[in-house]
Amino acid sequence: LVGKGWRHLAKQRINIAWLPPGQAYLRVVQLPAADDAELMAMLEFQLEKLSPIPAAQLLWSSVVLPGTRENARTAVVVMTPREAADRHLAELEARGYQADSLELASLAALLADGMKVDGAWLYPGAGAESDLCLVAWWSDGVLRNLQLIRHGVAGDSLKAQLLNNAWAGEIEGWLSLPVKWHLAGEARQAEALLPALQGLSEEPIEVHQTPARRDLAAFTVGRTLRGAPSGNLVPAELVASGS
């Protein structure tokens, strides 16, 4: 119970909040095998290079993925401007919702899916963020890159960005063409985005249904209770104080 405030002791639940994906930056980092403390130190050392804004203005967290490589680990670094996180948490509190964990729903969907076969996996946004799509690039059983792509109503913009990213991956040597494309999302989201992807590949795009937001929240709570980091962006001082 050390380090927990009265609010944590008084209630037996964890409140999950989703950060709008447009307010997040994601980076995939390949690291040598090490314990959790050493991995966090390595990531913090690289933070200035990874972040598009000064580290002093940043909230960040990380998730280390399970992997098959003996001497290497893959970490996903989640970053957001502190001002954006504070504003979002304040808006939730004004409506009577005190968040214990501030997560990215698309990253939770990726974690819930587990290891992926090689190719590009598209996770469309929902609601006000329906013009955003998280793209996870897998090669040789390893997550190589994550990108948040903003696209318009027409599919040409999205297809052009995806193809440019695929060519860049081939040039950098971690991706082999042709790419196998996968669309992962709730049924309604997938149906809305699928027409924009027509013509992207000669092969049909595989569609996979991901858990609903409520189920993703339950999955995230389960990871938290097991002590597995899931990318929580609630400021550390709020977690420690319980306020």
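Check the entry above for the structure.
Fair warning: this is a prediction, and the values are worked out from it, not measured in the lab.

### Concerning the packing of helix H5 (residues 105-113) against helix H8 (residues 213-225)
Interhelical geometry of H5 versus H8 gives an angle of 70° and a closest axis separation of 10 Å. When the axes of H5 and H8 are compared, the pair comes out roughly perpendicular. Residues Ala-105, Ala-108, Ala-109, Leu-111 and Ala-112 of H5 lie in contact with H8, whose contacting residues are Arg-213, Leu-216, Phe-219, Thr-220 and Arg-223. Residue composition of the contact of H5 with H8, grouped by class: seven nonpolar, one polar and two charged.

### Some points on the packing of aromatic side chains
A complete count under the given rule lists two aromatic pairs for this structure. Here Trp-137 and Trp-174 contribute two aromatic rings whose centre-to-centre distance is 6.3 Å and whose plane-to-plane angle is 75°, an arrangement assigned as edge-to-face. Taken together, the residues span a long stretch of sequence, with Trp-137 in strand E7 (residues 132-139) and Trp-174 in the loop between helix H6 (155-172) and strand E9 (181-185) at a distance of 37 residues. Residue classification places Trp-137 among the buried residues on the basis of a relative accessible area of 0%. With a centroid separation of 5.8 Å and 70° between ring planes, the pair formed by Trp-137 and Trp-181 is classed as edge-to-face. Residue Trp-137 is found in strand E7, and its partner Trp-181 is found in strand E9; the two are separated by 44 residues along the sequence. Under the relative-accessibility criterion, Trp-181 is labelled buried at 5%. Among the aromatic side chains, those forming a connected cluster through ring pairs are Trp-137, Trp-174 and Trp-181.

### Regarding the side chain of Thr-210
For Thr-210, the location among the structural elements is in the loop between strand E10 (206-209) and H8. Thr-210 has contacts with Asp-113, Tyr-123, Ala-184, Gly-185 and Glu-186, leaving out every residue within four places of it along the chain.

### Re unusual backbone geometry
A cis geometry characterises the amide bond from Leu-177 onward to Pro-178, with omega recorded as 0°. Along the chain, Pro-178 falls in the loop between H6 and E9. The backbone of Asp-140 sits at a positive phi, close to 55°, despite the residue not being glycine. By the secondary structure assignment, Asp-140 is in the loop between E7 and strand E8 (142-150). Among the residues examined, Asp-140 registers a relative accessible area of 59% and is labelled exposed.

Criteria and thresholds
- For every chain, the first residue of the written sequence is number 1, and numbering continues from 1 along that sequence.
- Side-chain atom pairs in this predicted model are given and counted only at pLDDT of 80 or more, local residue features only at pLDDT of at least 70, and totals for whole chains, interfaces and linings cover all residues.
- Excluded from the side-chain calculation are hydrogens and water; included are all heavy atoms of the structure.
- Structural elements are reduced to axes, namely lines fitted to C-alpha atoms, with helices fitted over the stretch in contact, and the angle between N-to-C directions of any two is expressed from 0 to 180 degrees.
- Secondary structure follows DSSP: runs of H or I at least 4 residues long count as helices, runs of E at least 2 residues long count as strands, and numbering of each begins at the N terminus.
- Any angle between 65 and 115 degrees counts as roughly perpendicular, while under 35 counts as roughly parallel, over 145 as roughly antiparallel, and the rest as oblique.
- Contact between two residues is taken to exist if any of their heavy atoms lie within 4.5 Å; hydrogens are not considered.
- Three categories are distinguished: nonpolar for Ala, Val, Leu, Ile, Met, Phe, Trp, Tyr, Cys and Pro, charged for Asp, Glu, Lys and Arg, and polar for the others, with Gly belonging to the last.
- Each aromatic pair joins two rings of Phe, Tyr and Trp (for Trp, the six-membered one) with centres within 6.5 Å, and gets the label stacked for planes under 30 degrees apart, edge-to-face for over 60, and tilted for any other angle.
- Burial status follows relative accessibility: with a 1.4 Å probe on protein chains alone, a residue under 20% of its type maximum counts as buried, one over 50% as exposed, and anything between as partly exposed.

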